[in-house]
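# Results of the structural survey
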Amino acid sequence: MDISVRFNKMSKNMKTQLFIDNLTMIFDPQALFSDGTIDYRIPPEPKINEKVKIRFRSGRENIEQVVLVYDETNRIEMKKVSNDRLFDYYECEIQLGTEKIEYYFEVHSGQYTCYYNSVGVCSGVEPYYNFFITPSYTTPDWAKGAIFYQIYVDRFYNGDKTNDVETDEYVYIGEGTYKVEDWFKYPQSMDVREFYGGDIEGVMQKLDYLQDLGVDVIYFNPIFVSPSNHKYDIQDYDYIDPHFGKIVKDEGEVLKRGDNGQLMCDPSRPNKDASKYICRVTDKENLEASNEFFAKFVEEVHRRGMKVILDGVFNHCGSFNKWLDREGIYENADGYDKGAYIERESPYNTFFKFYEDRWPYNYTYDGWWGHDTLPKLNYEDSPKLFDYIIRVAKKWVSPPYNVDGWRLDVAADLGHTPEYNHYFWREFRKAVKEANPEAIILAEHYGDPTSWLRGDQWDTVMNYDAFMEPITWFLTGVEKHSDEAREDMYGNADAFFGSMRNYMTRFNTQSLQVAMNELSNHDHSRFLTRTNRRVGRTDSLGAEAANQGVDKAVFRLAVVMQMTWPGAPTIYYGDEAGLCGWTDPDNRRTYPWGREDHELIMFHKEMIRIHKEFEVLKTGSILFLEGEYNLISYGRFNSKDRVVVIINNSQEERTVDLPVWRLGAIDVSRMARLMITTREGFSNEAKVYNIENGILHIICPPVSGIVVKDLSNQM
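Residues numbered from 1 in each chain as written. Predicted model: local features only at pLDDT ≥ 70, side-chain atom pairs only at ≥ 80, totals over all residues. Heavy atoms only, no water.

### A look at the pattern of salt bridges
Taken as a whole, this structure holds 63 salt bridges when the rule is applied. With a closest N to O distance of 3.1 Å, Arg 155 and Asp 191 form a salt bridge. Note that Arg 155 is positioned in the loop between strand 11 (148–151) and strand 12 (171–172) and Asp 191 in the loop between strand 14 (178–179) and strand 15 (194–195), a separation of 36 residues in sequence. Judged on exposure class, the residue Arg 155 and its partner Asp 191 are both buried. Notably, a salt bridge pairs Glu 169 with Arg 280, separated by 2.9 Å at the nearest N-O pair. Pair noted here: Glu 169 is in the loop between strand 11 and strand 12 and Arg 280 is in helix 5 (residues 275–282), with a separation of 111 residues, a long-range link. The buried category is assigned to Glu 169, whose relative accessible area is 0%. Several salt bridges converge on common partners, so that one network encompasses Asp 236, Asp 238, Lys 322, Arg 391 and Lys 395. (Salt bridge = Lys/Arg side-chain N within 4 Å of Asp/Glu carboxyl O. Helix = DSSP H or I, 4+ residues; strand = E, 2+ residues; numbered from the N terminus. Buried < 20%, exposed > 50% of the residue type's maximum accessible area, 1.4 Å probe, protein only.)

### A short note on helix 5
Most of helix 5 is tucked away, with seven of its eight residues classed as buried. Within helix 5, burial applies to Lys 276, Tyr 277, Ile 278, Cys 279, Arg 280, Val 281 and Thr 282.

### What about the sheet that holds strand 11?
Strand-to-strand pairing in sheets goes through backbone hydrogen bonds, with the strands running parallel or antiparallel. Here we have eight strands laid out as an open sheet, ordered 22-21-20-19-16-11-24-23, and parallel in their pairing. Edge strands, defined here as strands with exactly one partner in the open sheet, are strand 22 (460–461) and strand 23 (516–518). The pairing of strand 20 (residues 405–408) with strand 21 (residues 440–443) spans four bridges and is parallel. If you follow Leu 408 over to strand 21, its bridge partner there is Ala 443. (Pairing = 2+ DSSP bridges.)

### Brief notes about the packing of helix 7 (residues 383–397) against helix 8 (residues 418–435)
Two elements in contact, helix 7 and helix 8, have axes whose closest approach is 9 Å; the angle formed by their N-to-C orientations is 35°. For the pair helix 7 and helix 8, the crossing hand works out as right-handed. In contact with Phe 386, Ile 389, Ile 390, Ala 393, Lys 394 and Val 397 of helix 7, helix 8 contributes Tyr 420, Tyr 423, Phe 424, Glu 427, Phe 428, Ala 431, Val 432 and Ala 435. When grouped by side-chain class, the residues that make up the contact of helix 7 with helix 8 number twelve nonpolar, no polar and two charged. (Axes fitted to C-alpha atoms, helices over the stretch in contact; angles between N-to-C directions. Left-handed = near helix turned anticlockwise from the far one by under 90°. Contact = heavy atoms within 4.5 Å. Nonpolar A, V, L, I, M, F, W, Y, C, P; charged D, E, K, R; others polar.)

### Side note on the packing of aromatic side chains
If you walk through the whole model with that rule in mind, you get 63 aromatic pairs. Judged by centre distance (5.8 Å) and plane angle (75°), the rings of Tyr 157 and Trp 593 are edge-to-face. Residue Tyr 157 is found in the loop between strand 11 and strand 12, and its partner Trp 593 is found in the loop between strand 24 (568–572) and helix 15 (598–613); the two are separated by 436 residues along the sequence. For the cation-ring pair, Lys 395 lies above Tyr 239, with the distance from its terminal atom to the ring centre recorded as 5.3 Å. (Phe/Tyr/Trp six-rings, centres within 6.5 Å; stacked < 30°, edge-to-face > 60°. Lys NZ or Arg CZ within 6 Å of the ring centre and 35° of its normal.)

### Things to note about unusual backbone geometry
For the bond from Trp 359 to Pro 360, the omega torsion is 0°, close enough to zero to count as cis. By the element assignment, Pro 360 lies in the loop between strand 19 (307–312) and helix 7. Along the chain, Asp 584 connects to Pro 585 via a cis peptide bond; the corresponding omega equals 10°. Looking at the element boundaries, Pro 585 is found in the loop between strand 24 and helix 15. You will see that Asp 71, though not glycine, has its phi angle at about 50°, which is positive. Within the secondary structure, Asp 71 sits in the loop between strand 3 (65–70) and strand 4 (74–77).

### Examining the sheet that holds strand 1 (residues 41–42)
Strand order in the open sheet formed by four strands is 1-2-6-5, with antiparallel pairing between adjacent strands. Each edge of the sheet is formed by a strand with only one pairing partner; in this case those strands are strand 1 and strand 5 (79–83). Two elements, strand 5 and strand 6 (residues 87–95), share four bridges in a ladder whose sense is antiparallel. Paired with Lys 80 across the two strands is Tyr 90, which belongs to strand 6.

### Comments concerning the environment of Ile 622
With respect to the helices and strands, the residue Ile 622 is situated in strand 25 (residues 621–628). You can call Ile 622 buried: its relative accessible area is 16%. For the pair Ile 622 and Leu 663, spaced 41 residues apart in the sequence, the C-alpha separation amounts to 8.9 Å.

### A few points about the side chain of Ser 346
Mapping Ser 346 onto the fold places it in the loop between strand 19 and helix 7. Polar side-chain contacts of Ser 346 include one of 3.3 Å to the backbone nitrogen of Ala 340. Residues within four places of Ser 346 in sequence aside, it is in contact with Trp 323, Lys 338, Gly 339 and Ala 340. (Polar contact = N/O pair within 3.5 Å; in protein donor to acceptor, adjacent residues only side chain to side chain.)

### Quick look at helix 9 (residues 464–476)
Here helix 9 is 13 residues long, yet its end C-alpha atoms lie only 16 Å apart, well below the 18 Å a rise of 1.5 Å per residue gives. The element helix 9 is largely enclosed, with a buried count of 13 among its 13 residues. At the N-terminal end of helix 9, a side-chain oxygen is found 3.2 Å from the backbone nitrogen of Ala 466, two or three residues along, and the residue is Asn 463. Looking one or two places after helix 9, you find Gly 477, whose phi comes out positive at around 70°. (Expected span 1.5 Å × (residues − 1).)

### Details of empty space enclosed by the protein
Scanning the model with the defined rule gives four cavities of 30 Å³ or more in all. Along the walls of the largest cavity sit His 445, Gly 447, Pro 449, Val 461, Met 462, Asn 463, Tyr 464, Asp 465, Ala 466, Tyr 503, Arg 506 and Phe 507, which together make up its complete lining. Here the lining of the largest cavity is built from residues that sort into seven nonpolar, three polar and two charged. Of the volumes computed, that of the second largest cavity is approximately 50 Å³. What lines the second largest cavity is simply Asp 154, Asn 163, Asp 164, Val 165, Phe 195, Gly 197, Gly 198, Lys 231, His 243 and Phe 244. Its residues assigned to classes, the lining of the second largest cavity shows three nonpolar, four polar and three charged. (1 Å grid on protein atoms, 1.4 Å probe; cavity = no way out; pocket = protein on both sides within 12 Å on 5 of 7 lines; lining within 4 Å. Points joined across faces, edges and corners; volume = space filled by probe spheres on them.)

### A word on the nonpolar core
Counting residues in hydrophobic clusters, the biggest one holds 148 residues, and the most contacted among them are Tyr 149, Phe 220, Phe 294, Phe 297, Phe 314, Trp 406 and Phe 428. Of all the elements, helix 7 adds the most residues to this core, at nine residues. When residues no more than four places from it in sequence are discounted, the contact partners of Phe 314 are Tyr 237, Leu 377, Tyr 379, Ile 389, Val 392, Trp 406, Leu 408, Leu 414, Trp 425 and Phe 428. Of all hydrophobic cores here, the second largest spans 48 residues; its members include Val 52, Cys 92, Leu 96 and Ile 133. (Core = buried A, V, L, I, M, F, W, Y, C linked by side-chain atoms within 4.5 Å.)

Structural data, given as structure tokens:
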């Protein structure tokens, strides 16, 4: 019988079945997905010897088989356990032991086979990008997506004039200290001995501001007794610096100058005569009063529902340190042993590495990177030093101080060998977590952190490689110090997504969710200055040039990304108020009280509100949706919610069609705009978009950032 006749006589159901039987499957790799979030790894932070459920997503009826391959040779065929209108979901279970496991997915569709790992779909097995699970590796839930606020204390707010460092109170690096009277004066190129008077009382007085901004965590640059304003040269780990705390006993005098303007003191050991300074930083009344005040400060912060983390500088200390005492500050002070610089018989002799036997006053000690003001701590030869620092680590996270964690300065440099470095951080973690299980341990680190992120050392890192650098290059084409400009990196979506994909795979998911995502900090130029796309420093262009040609519209794009990217958004004090600055020390300008950019502050508050309102922005998955020259888009999603972000960094209007079906948005869905920022300003006025055939069609004005959210689960 003729086929056309037969077909014409078929019922509707018969015709449908014939169509299905003869349909050729078209494999869609864009539908494939898995990661380490709670929707695809259950539980997301499994314990030793626990069973963990792994999930995988594919297009509806689009693949024939998916195999989980773990630890190279173990293979489990996953079972399809559910579906929705767009996707099938596969599951299997793995029994964990005590060691890290790695895995990837092998996907079969007809004659086609591909592999799926932490960077997505691949044509072959790439072990470097395997997913991995480290049993019993947990990070504090309070820190996942938390809003951090970094404070460089001397430059934030002067709340107590009585504890200010005085001019010529002591000598640091060859010259007397200087009390800055003009709060708005730009820092000099040699700025370490200049003091503006900011203190912890000043932060206390501004807690209402920080709380209103939406801050969850205050991160302090070092606040222990130290001679510089940056305080990365610790003098006494046991006490808060009274210049930041409380001075209740204030005897002695500052150093004198002669008629010729020169300091009248022993040029070889000038600070042995700095009697005012010696009283302020060695007298136990001042030290105990400062510690007591700090404990009350933390108590107040906790009462407000916020947390505090401290900067731990444990690789090196300072030449003023009581263990070394190169300055002679403690040599004749009551209650202190002689420093290792002073005499060979010092109880702290092994705390430092000396190259020659030159006592008394042995200057041949090892300095970090050759800096004699930063003596390197010699842990390998001194169990006593190790015990002391571990005690310090526990002390500040325990009552009565109860701080909520440590940021670790140059953490990879500690010790003289990699083996010792890892040993130290393992013991450090044990001590801190035993004292305060909810304390966070995050490290300053550049490069691959995986050897420290194994569940037994750090929780996470300051996220330079998978946040600050790629965003800086894409939006400004300028390196994070403003020392280099590269036109090939400006607006380069492929480079941006490539860097993000690569470096994000170096994190456990729980590490990524608490990573410190900064746009600026005390070591790099202010992001707002980078938007002028100029290479320069104070010495080469002058401080005022850092304010010139900046683009607040581009800065707002960066803030949109900061508040919608996986991790803990970290605001460097004053960024939200429009503060500019070249790299340090110019990035350490004072907070512009009374001169704030209130529009930028309001924008930060709105973006922080959006970030905190939607859990998907804290712990949800991420997918890259679109990348063109000067335009990127990505989605954050979980089983309940979907958010899409579009960044148009160009000077032209751009029209984009985004495949939001990949996030699970279906045709009956609508998406509402939460925020738009443009050259003219910003608005949180809602606008509703319909989704057609799984595509979101959006027109993006020049230099715009748009955040939209799925409405299907709110109807």
